[in-house]
Amino acid sequence: MATVILETRGLTKTYAGVQANTDIDFDLPEGQIRALIGPNGAGKTTFVGMLCGRIPVTRGKVIFDGRDISGLPAHKRITLGIAYTFQITSVFAGLSVHENIALAARRAGGNAARVTETLERVGLADRADQTAGDLSYGHQRILEIGMGLAQSPRLFILDEPTQGLAESEVAAFKTLITGLKNTTILLIEHNMSVVMETADYITVLDQGMTLAEGTPDAIRANRAVRAAYLGTADA
Amino acid sequence: MNRPLALHLVVIAALAAAFFVLPDYHSGNLARIMVLAVYAMGYNLAFGYTGLLSLGHALFFAAGMYGLALSMQHLSLTAIPALMVALIASALVAGITGALALRTRGVAFMIVTLMFAQAGYLTALYFVQYTRGDEGFVLPQAVRQIAGVDLSSAMGRYFAALILFSVTLLIIGALVRAPFGRTLIAIRENEARATMLGYDVQRRKWLALVASGTISGMAGAAYALLFGYAGASFAAVPYSIFPLLYVLLGGAGTTLGPLVGAVFMFYLIDLSSGVTDAYMLVAGVVLVLLTLFLPQGLLGTLRKRWVPWLP
Ligand SMILES: Nc1ncnc2c1ncn2[C@@H]1O[C@H](COP(=O)(O)OP(=O)(O)OP(=O)(O)O)[C@@H](O)[C@H]1O
Ligand SMILES: [Mg+2]
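For every chain, the first residue of the written sequence is number 1, and numbering continues from 1 onward in sequence order. Chain letters and ligand numbers both follow the written order, the letters beginning at A and the numbers at 1. The predicted nature of this model means local features are confined to residues of pLDDT at least 70 and side-chain atom pairs, given and counted, to a pLDDT of 80 or more, with totals for whole chains, interfaces and linings taken over all residues. Side-chain measures here rest on the full set of heavy atoms in the structure, leaving out hydrogens and waters.

(A) Main features of the sheet that holds strand S4 (residues 59-64) of chain A. Residue and element names in this part refer to chain A. When DSSP finds two or more bridges between two strands, those strands count as paired. Only DSSP runs of H or I reaching four residues or more are called helices, and only runs of E reaching two or more are called strands; each is numbered from the N terminus. Here four strands make up an open sheet; going across it, the order is S2-S1-S4-S5 and the pairing antiparallel. Bordering the open sheet on either side are strand S2 (18-29) and strand S5 (67-68), each of which pairs with just one other strand. Note on contacts: a residue pair is in contact if any heavy atoms of the two residues lie within 4.5 Å. All axes here are fitted lines through C-alpha atoms, helices being fitted over the stretch that makes contact, and every angle between N-to-C directions spans 0 to 180 degrees. Along the sheet face, helix H1 (residues 44-52) touches strand S1 (4-15), S2 and S4 and points at about 120° away from the line of S1.

(B) Broad picture of the pairing of strand S8 (residues 184-188) of chain A. Residue and element names in this part refer to chain A. In this scheme, a residue with accessible area under 20% of its type's maximum is buried, one over 50% is exposed, and one in between is partly exposed, where area comes from a 1.4 Å probe on protein chains only. For S8, the buried fraction is high: five of the five residues fall into the buried class. Side chains Thr184, Leu186 and Ile188 of S8 all project onto a buried face; the interleaved residues Ile185 and Leu187 project onto the opposite face, where all are buried too. Strand direction decides the pairing type here: strand S3 (residues 33-37) and S8, joined by four bridges, are parallel. Bridge pairing in S8 links alanine 35 to leucine 187.

(C) The interface of chain A and chain B, seen in detail. With 23 residues of chain A in contact, the opposing surface of chain B contributes 17 residues. Two parts placed together each lose some accessible area under a 1.4 Å probe, and adding up what both lose gives the buried area. If you sort the residues of chain A by the area they bury against chain B, A:His75, A:Phe92 and A:Arg107 come out on top, with a joint share of 33%. Basic side-chain nitrogens of Lys or Arg form a salt bridge, by our definition, when they fall within 4 Å of a carboxyl oxygen of Asp or Glu. Between chain A and chain B we count two salt bridges in total. Between B:Arg193 and A:Glu144 there is a salt bridge, with its nearest N and O atoms 2.7 Å apart. In the analysis that follows, any N or O atom pair within 3.5 Å is treated as a polar contact, provided that within protein one partner can donate a hydrogen and the other can accept it, and provided that, for residues neighboring in sequence, both atoms belong to side chains. Across the contact surface, chain A and chain B share eight residue pairs in polar contact (both at pLDDT 80 or more). Looking at the side of chain A that touches chain B element by element, the count peaks at five residues for helix H3 (residues 97-107) of chain A. Its residues placed into classes, the side of chain A that touches chain B shows twelve nonpolar, six polar and five charged. Each residue is assigned to one class: nonpolar for Ala, Val, Leu, Ile, Met, Phe, Trp, Tyr, Cys and Pro, charged for Asp, Glu, Lys and Arg, and polar for all the others, Gly among them.

(D) Region of the structure containing the packing of H3(A) against helix H8 (residues 179-189) of chain B. Contact geometry of H3(A) with H8(B) gives a least axis separation of 11 Å together with a crossing angle of 115°. Our pair here, H3(A) against H8(B), has a crossing hand that is left-handed. Residues A:Glu99, A:Leu103 and A:Arg106 of H3(A) form the contact with H8(B), whose participating residues are B:Pro179, B:Arg182, B:Thr183 and B:Ala186. Of the residues assigned to the contact of H3(A) with H8(B), the class counts are three nonpolar, one polar and three charged. Whether a crossing is left-handed or right-handed is set by the direction in which the near helix is turned from the far one by less than a right angle, anticlockwise for left-handed and clockwise for right-handed.

(E) Representation of unusual backbone geometry in the model. All names here are of chain A. Despite not being glycine, aspartate 65 has its phi angle at roughly 55°, a positive value. As for its position among the elements, aspartate 65 is in the loop between S4 and S5. A positive phi angle is found at glutamine 207, which is not glycine, with a value near 50°. Mapped onto the secondary structure, glutamine 207 falls in the loop between strand S9 (201-206) and strand S10 (209-214). A relative accessible area of 61% places glutamine 207 in the exposed class.

(F) Main features of the layout of surface pockets. Here a cavity denotes grid points, spaced 1 Å and computed from the protein atoms alone, that fit a 1.4 Å probe unable to get out, and a pocket denotes an open set having protein on both sides within 12 Å along at least 5 of 7 lines; residues with an atom within 4 Å of a point are the lining. Grid points are joined across faces, edges and corners, and a volume is the space filled by probe spheres set on the points. Taken as a whole, the largest pocket spans an internal volume of roughly 1300 Å³. Surrounding the largest pocket, 33 residues form its lining, A:Gly94, B:Arg182, B:Arg303, B:Pro308 and B:Leu310 being those nearest its centre. Those elements giving two or more residues to the lining of the largest pocket turn out to be H3 of chain A together with helix H1 (3-21), helix H2 (24-49), H8 and helix H14 (297-305) of chain B. Looking at side-chain class alone, the lining of the largest pocket contains 13 nonpolar, ten polar and ten charged residues. Forming the boundary of the second largest pocket are 18 residues, of which B:Leu83, B:Ile146, B:Ala160, B:Ile163 and B:Leu225 lie nearest the centre. Secondary-structure elements contributing two or more residues to the lining of the second largest pocket are helix H4 (79-101), helix H7 (154-175) and helix H10 (201-227) of chain B. Looking at the lining of the second largest pocket, the element that brings in the most residues is H7(B), giving seven residues. Here the lining of the second largest pocket is built from residues that sort into 17 nonpolar, one polar and no charged.

Structure follows, in structure tokens:
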């Protein structure tokens, strides 16, 4: 059995009375592509925010690679080998595409070759000198994914990366994500075709709690999940 | 050699030549402008590059000024050791101010730095027996020299100012192209993203502020040394606003913007005061026009429209 790269115990977040996450116990084996799905407001962004230290926890533990990282600030967690893309696109809008990728690569010990390679890989090589803020929305999202890749992360957390991408870009994303080696992926996704085609395993959150976990087939067949989430779309 | 470095060297050479070409009145002005430009270059590192809008840089300018002037006046230090005292004093003051003020951001940061500077100003007034308060004190001509060069002479003063300016320009020019400087720009652009790439944003902001405050402090020390006077008015609010104006005018986040802004403002006030008593009004109107029509400043606009490689 693969080793667990990330686990949480009793992870809980309360925003001024709103219980966004309640006692989440979560285990992610190394090398897996895990999809995290659930209806709007289920607490997905909150959950991954607590994993990478962006959002302070109310209670509970985060363990990465056997080490309790609950007390570490976000930037330190990132340097342990975690990359994160925001649900709302967040790039260095005033800097060039190349500089965006370089900033990501450099912190992770990457050289100029890695920058070039990443630009090629996400198909932004011919736009390397453009200002990131001038790119189309879709290209900005792709740039942000590229910044994650440039870090060569051990754990890559993506919050709805395909939102707003064109069909062809979504297809390219699927290929990209399934082709990654040595990277564990935690993918928040609303696009069911992406989830079903890329994920090894799925966790369903609902109202801040784990509703179900299982393989794509098992989740598709799960009645509680269909009622909470897939219901109208699938029935 | 890269273009930014070549440009900086050309500017330095032009300033050196200017001394021999310009009439005394203007080369005297230019010496003062170069020192003020160094002050603004320090400010630009915090504001223009790192995005830290400080309203309290007079505190660092004054820390350097008093560090030098008080230690010369009361401890009889010579210029070089006194410059060292000024360096340490301004770095220390910036370090402490930064450690506290950087717990806040945005408007709160502006207010906290303003308050710190105000506290510094009041401290200078409080110790009136040493500082002579607003009235200030004069450094005797005899002590204003380094290695036998008389810094109160037109030429000594001009070239001392030019050396300080050149060293600062070359350091900042290298710094903003180095990984550390690129990271400061990234922090200015998007702090959350920089953090989520693994950069220790808080520490880097602090380092930037210390470097910024130290450069501004060296300008304060040079001002006292070259013009022979230290007074509390340099610690007051207007002196926190001046570098902001120079930088906004010249172009925030450009290496030469502070110089351009300082030249522009200096002569704007100089010329308009010859025409009308309401010269500050003229200066104000021009400023409003510039911010309305050239929000990125002179060099910022130049870079955006025509010269993308401008450092
Ligand atoms: N900063 C905040 N302050 C207060 N409440 C918040 C905050 N952030 C999120 N919430 C609430 O917490 C709950 C979970 O939000 P979260 O963003 O984690 O959901 P999500 O599953 O990512 O939703 P979506 O699919 O829309 O992105 C929601 O009810 C939301 O309104
Ligand atoms: Mg979300």
